[in-house]
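Each chain is listed here by its residues.
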Amino acid sequence: MTHRDNEGLVYSLKFLILLVALSPELLSLGAGVQLQDNGYDGLLVAINPQVSEDQNLIPNIKKMITEASFYLFNATKRRVFFRNIKILIPATWKANNYSKAKQESYEKANVIVTDWYGAHGDDPYTLQYRRCGKEGKYIHFTPDFLLNDDLTAGYGSRGKVFVHEWAHLRWGVFDEYNNEKPFYINGQNQIKVTRCSSDITGIFVCEKGPCPQENCIISKLFKEGCMFIYNSTQNATASIMFMQSLSSVVEFCNASTHNPEAPNLQNQMCSLRSAWDVITDSADFRHSSPMSETKLPPPPTFSLLQAGDKVVCLVLDVSSKMAEADRLLRLQQAAEFYLMQIVEIHTFVGIASFNSKGEIRAQLHQINNDDDRKLLVSYLPATVSAEAETSICSGLKKGFEVVEKLNGKAHGSVMVLVTSGDDEHVANCLLTVQSSGSTIHTIALGSSAVENLEELSHLTGGLKFFVPDKSNSSSMIDAFSRISSGTGDIFQQHIQLESTGENVQPHYQLKNTMTMDNSVGNDTAFLVTWQTSGPPEIVLADPSGRKYYTDDFVTNLTLQTARLRIPGTAKPGLWMYTLNNTHDSLQALKVTVTSRASRSAVPPATVEAFVERDSTRFPHPMMIYANVRKGFYPILNATVTATIEPETGDPVMLKLFDDGAGADVIKNDGIYSRYFFSFAVNGRYSLKVHVRHSPSMSALTHSVPGSHAMYVPGYIANGNIQMNAPRTSVGRSEEEQKWGFSRISSGGSFSVLGVPAGPHADVFPPCKIIDLEAVKVEDQVTLSWTAPGEDFDEGQANSYEIRMSKSLQNIQDDFNNAILVNTSKLTPQQAGTKEIFTFSPKLFTKGPKYQPEGEAQENHRIYVAIRAIDRNSLKSAVSNIAQASLFIPPNSAPVLARDRLILKGILTAMGLIGIICLTIVVTHCILNKKKTADNKENGMKLL
């Protein structure tokens, strides 16, 4: 173990001991919703500032979650319920004796209430971006869903819908219906409806009313207008993940009611496991027991919170460590840009600094104009002290003093803490930090920053960043650009369009283009920074050819920055910038561009970069994510590149994909993903994501992302068809993309431990295949999947191991002993390539030897799974399980009753015709022979 690992272990032990000693409450901080004594605490529901105030919205939210709590309690067999809920009300709503929000913000909410921005649609959904059994990102309700009682006819009661979505969010289960594949062929060669459980009854309905199912089928295609309508009165009690709207449905599908044949996401993502199996395997259920039969849970309690004034304090390190690697200069450049451009108008801002003790540099000033911004810039520290010692707690104490001057408390305030110091005493102020009600964003500079600095962010729900000591790194400015008010009002926030930096040789230039799309353009600023000598020669050209030069920029020679604010709305199109290094020495030149939305109610494209967890230990990879959206609609076909910078060494460029393979769970959901495992050193890593979209590529999907509560088109009640109002479409017409767009976002930082100092053996297996599909073609089965790599999703695997079974249980529980398929002619392709492989299952499934015990002989399904193997014999996890029906006639639908009758009639008619023809021919021949014989006989008589 390295010295750094030992230090980290000591710090971690100190931190843990202090947490337990100080307050048990601290143990649950920063971790979102907590389950204690069967009750969920800390659920946060946040209403977007763009939502109009409505006096019925909050009561309806309360009613929904109260109903959901009792429904959830019964559905989980007396295991869990909702104890207390916070509802965050926008500052744009009238004050009404609401409590003041502390560390709660819209961006941290588990449930968000907001419109679709211009499109009409009210589907509740949960954004899931991780594998089966993993938590999702948030639940989304529209105000209309919560206010319009007419929608309950199609979705069911709001409380039941909430439980459906909660199971997505908390336990990582998926939908059991499939709008794209509403029907399938089962193992007995019958047409079935995609549902769970199969006991839910109904009838086929065609365009003109009820009809037999065969009338809906023509050559394997279902007629448009055909659907399956369910009976409103049912005996089935499952399943909540299929149709929670039915009054009889009160539980999740379990082993006895689950339908493993249905082609739905639950089966695909969870390897045919039931929802209840996944839920009971969660930490919530492993660490709790059912409540006693006599005890009922109390109804939930609600806290109504409202954000107050936006208050920020910069807490900046001025110890001698800040003199190293131009840390102070780069801090000044980023802080100036933050104060002049990023921080929102009407925000109160103060500044504190610290070395071994803290100092207030500027009391709170409200930003109302540029003069206020310039005044605050003048208070930024200009020099470092001679002291190397740092006391982060002293700096934070002064920061709290600054913000408390406004209302007497620090509730709802934000601290931006920047330090490069190694302070062993950070844990001494954890209790103060926790009780302050302030959110702390931390920015660690260089490799000497204190190991546990990020715990301050973790405890308060703040962001955490790392800035490596590289002159051409723009990580500092990226970090400040990422820090917003957290209100969720995308129309007020600055969006980063460009961020680049290079070491430019003497008399060479940094030249590039940047796309300004028409959804942004207001309050646009170009920032140029340099580290040595004077400013470069700047030439900036807008799409019409107008040029801006160095003299047009506001230059601060002390801070070595040049900034240009474009008046009005910047012209959409390609902007070209050229920075000429006119000096005789190398210059680290950087360019940053930010802008705001050009129109209200037309949301700009955004990217949110994040990682799966705060830290990892070699050889476990880190999952990198980028959520690319326009409003709430996924943006497809974007080029998404992650840049990961370690403490020392070169940055790593990693292309992210939205292809439903490897690290990416669901294809075309707007979340681009990748495994990162190229760990160079131990320590912190900084993440930045760059998104580019070509104007020639289709950008928006026309379906809603995420996992939904089903909208039921109608029911059969008392023998009559009662149709609900048609589900409102949420697809949107795509705007013409003349220019494409460009976006940048910092994804914060993460830590890696246990990286070997020198060369090491291969420890990275191929990644799990998650998109295996099987299709029956004549007497063969064709498999398709996305190729994994030699190492996770990179490179080229060495071989595949494919196994099959006629028993689902066998292949689930004992893959190694399932029937091996011959893959000697199958060579893996490059990672990300679509693989196709065909084999004949008859070679492996003949005879009773492979018939599972207890299964009917009529079951003609096979189950197939695959894993990849690299050149060092490291094996991937077993893939999702694909299934295929063996005896479907080629290129036709199953021969149904009506078709059999028609075919039988045709064959019978043809047979009768044949018999009649044959009879005529035979009779004719006999008569001819008889006539010939008679003629001969008469001739003989004459002779």
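Residues numbered from 1 in each chain as written. Predicted model: local features only at pLDDT ≥ 70, side-chain atom pairs only at ≥ 80, totals over all residues. Heavy atoms only, no water.

**A short note on empty space enclosed by the protein**
1) Next: For the coordinates displayed, the defined rule picks out four cavities of 30 Å³ or more.
2) Next: Approximately 60 Å³ is the volume attributed to the second largest cavity.
3) Next: Together, Lys100, Asp309, Val311, Val403, Leu406, Asn407, Lys409, Ala410, His411 and Ser413 line the second largest cavity.
4) Next: Considering each element in turn, the lining of the second largest cavity owes the most residues, three residues, to helix H12 (residues 392–407).
5) Next: Looking at side-chain class alone, the lining of the second largest cavity contains four nonpolar, three polar and three charged residues. (1 Å grid on protein atoms, 1.4 Å probe; cavity = no way out; pocket = protein on both sides within 12 Å on 5 of 7 lines; lining within 4 Å. Points joined across faces, edges and corners; volume = space filled by probe spheres on them. Helix = DSSP H or I, 4+ residues; strand = E, 2+ residues; numbered from the N terminus. Nonpolar A, V, L, I, M, F, W, Y, C, P; charged D, E, K, R; others polar.)

**Structural notes on the sheet that holds strand E31 (residues 573–580)**
1) Next: With antiparallel pairing, four strands are arranged side by side in an open sheet as E25-E31-E27-E28. Unpaired on one side and paired on the other, strand E25 (509–516) and strand E28 (547–549) mark the two borders of the sheet. Sheet twist, expressed as the average angle between the axes of neighbouring strands with direction ignored, equals 15°.
2) Next: Of the pairings in the sheet, the one linking E25 to E31 comprises eight bridges and is antiparallel in character. Residue pairing in the sheet places Met514 in a bridge with Trp575 of E31. (Pairing = 2+ DSSP bridges. Axes fitted to C-alpha atoms, helices over the stretch in contact; angles between N-to-C directions.)

**Considerations on the state of the cysteines**
1) Next: Counted by the stated rule, this structure contains three disulfides.
2) Next: The side chain of Cys196 participates in a disulfide bridge whose partner is Cys253; the two sulfur atoms lie 2.3 Å from each other. The chirality of the disulfide connecting Cys196 with Cys253 is left-handed, given an S-S dihedral of about -125°. Remark: Cys253 occurs in the loop between helix H6 (240–243) and helix H7 (265–269) and Cys196 occurs in the loop between strand E11 (191–193) and strand E12 (202–206); sequence separation between them is 57 residues.
3) Next: A residue is classified by how much of its surface remains accessible, and Cys196, at 0% relative accessible area, is buried.
4) Next: Disulfide pairing is shown between Cys393 and Cys429; the S-S distance is 2.2 Å. Linking Cys393 and Cys429, the disulfide has an S-S dihedral of approximately -75° and is accordingly described as left-handed. Highlighted residues: Cys393 in helix H12 and Cys429 in the loop between strand E21 (414–419) and helix H13 (430–436), separated in sequence by 36 residues. (Disulfide = S-S within 2.5 Å. Buried < 20%, exposed > 50% of the residue type's maximum accessible area, 1.4 Å probe, protein only.)

**What about the pattern of salt bridges?**
Oppositely charged side chains can pair when the atoms bearing their charge come close.
1) Next: Enumeration over the complete set of coordinates arrives at 30 salt bridges.
2) Next: The closest approach of N and O atoms between Arg613 and Glu612, which form a salt bridge, is 3.0 Å.
3) Next: Judged by relative accessible area, Arg613 falls into the partly exposed class, the value being 32%.
4) Next: If you follow the salt bridges from partner to partner, you end up with Glu324, Arg327, Arg330 and Asp469 in one network. (Salt bridge = Lys/Arg side-chain N within 4 Å of Asp/Glu carboxyl O.)

**Section: unusual backbone geometry**
1) Next: Each neighbour pair has its own omega, and for Ala238 with Ser239 the value is 20°, a cis peptide bond.
2) Next: Following the sequence through the fold, Ser239 ends up in the loop between strand E16 (227–231) and H6.
3) Next: A cis amide bond, omega 10°, links Phe618 with the succeeding residue Pro619.
4) Next: Its place among the elements puts Pro619 in the loop between strand E34 (615–617) and strand E35 (622–630).
5) Next: In this model, Lys77 sits at a positive phi of 60°, which is unusual for a non-glycine residue.
6) Next: Mapping Lys77 onto the fold places it in the loop between helix H2 (57–75) and strand E4 (81–82).
7) Next: Non-glycine residue Asn718 carries a positive phi angle of around 55°.
8) Next: Looking at the element boundaries, Asn718 is found in the loop between strand E42 (714–717) and strand E43 (720–723).

**Some points on the pairing of strand E23 (residues 464–467)**
1) Next: Here E23 shows no split at all, with Lys464 and Phe466 on one side and Phe465 and Val467 on the other all buried.
2) Next: The sheet contact formed by strand E22 (residues 439–445) and E23 spans four bridges and is parallel. In the strand pairing of E23, Thr442 is matched with Lys464.

**Section: the environment of Thr257**
1) Next: Assignment of secondary structure puts Thr257 in the loop between H6 and H7.
2) Next: Judged by its relative accessible area of 18%, Thr257 is buried.
3) Next: Thr257 sits 17 residues away from Ser274 along the chain, and the two C-alpha atoms are 8.5 Å apart.
4) Next: With near-sequence residues (within four places) excluded, Thr257 lies in contact with Cys196, Ser197, Ala238 and Phe252.
5) Next: A polar atom in the side chain of Thr257 sits 3.0 Å from the backbone nitrogen of Asn254. (Contact = heavy atoms within 4.5 Å. Polar contact = N/O pair within 3.5 Å; in protein donor to acceptor, adjacent residues only side chain to side chain.)

**Focus on H2**
Turn by turn, an α-helix covers 3.6 residues, leaving residues three or four places apart pointing in a common direction.
1) Next: With 19 residues, H2 extends 26 Å from end C-alpha to end C-alpha; this agrees with the ideal 27 Å at 1.5 Å per step.
2) Next: Of all the residues in H2, the buried ones are Leu57, Ile58, Asn60, Ile61, Met64, Ile65, Ala68, Ser69, Tyr71, Leu72, Phe73 and Ala75.
3) Next: Positive backbone phi, at 60°, marks Lys77, one or two positions downstream of H2. (Expected span 1.5 Å × (residues − 1).)

**Things to note about the nonpolar core**
1) Next: Membership of the largest hydrophobic core comes to 70 residues, with the highest contact counts inside it found for Phe82, Phe162, Trp166, Trp171 and Phe252.
2) Next: The leading source of residues in this core is H2, at nine residues.
3) Next: Look past the residues within four positions of Trp166 in its chain and what remains in contact with it is Val33, Tyr40, Leu43, Leu72, Phe82, Ile139 and Trp171.
4) Next: Counting 52 residues, the second-largest nonpolar core is a separate cluster that includes Leu127, Ala605, Met622 and Leu656. (Core = buried A, V, L, I, M, F, W, Y, C linked by side-chain atoms within 4.5 Å.)

**Digging into the sheet that holds strand E37 (residues 639–646)**
1) Next: An order of E34-E44-E40-E37-E38 is seen for the five strands of this open sheet, with the pairing classed as mixed. At either end of the open sheet lies a strand with only one pairing partner, and these are E34 and strand E38 (652–656). Across this sheet, the average inter-strand angle for adjacent strands is 30°, counted without regard to direction.
2) Next: Helix-sheet contacts for helix H15 (residues 475–482) involve E37, strand E40 (683–693) and strand E44 (741–753), and the interaxial angle to E44 is about 105°.

**Quick notes on a nonpolar patch on the surface**
1) Next: A cluster of nonpolar side chains, contributed by Ile203, Ile721 and Met723, occupies part of the molecular surface with about 220 Å² of accessible area.
2) Next: Following the sequence through the fold, Met723 ends up in strand E43.
3) Next: Residue Met723 is classed as partly exposed on the basis of its relative accessible area, which comes to 45%. (Patch = residues over 30% accessible without salt bridge, like charges linked within 9 Å, V, L, I, M, F, W, Y side chains within 5 Å. Areas by Shrake-Rupley, 256 points an atom, 1.4 Å probe, with all protein chains shown as cover.)

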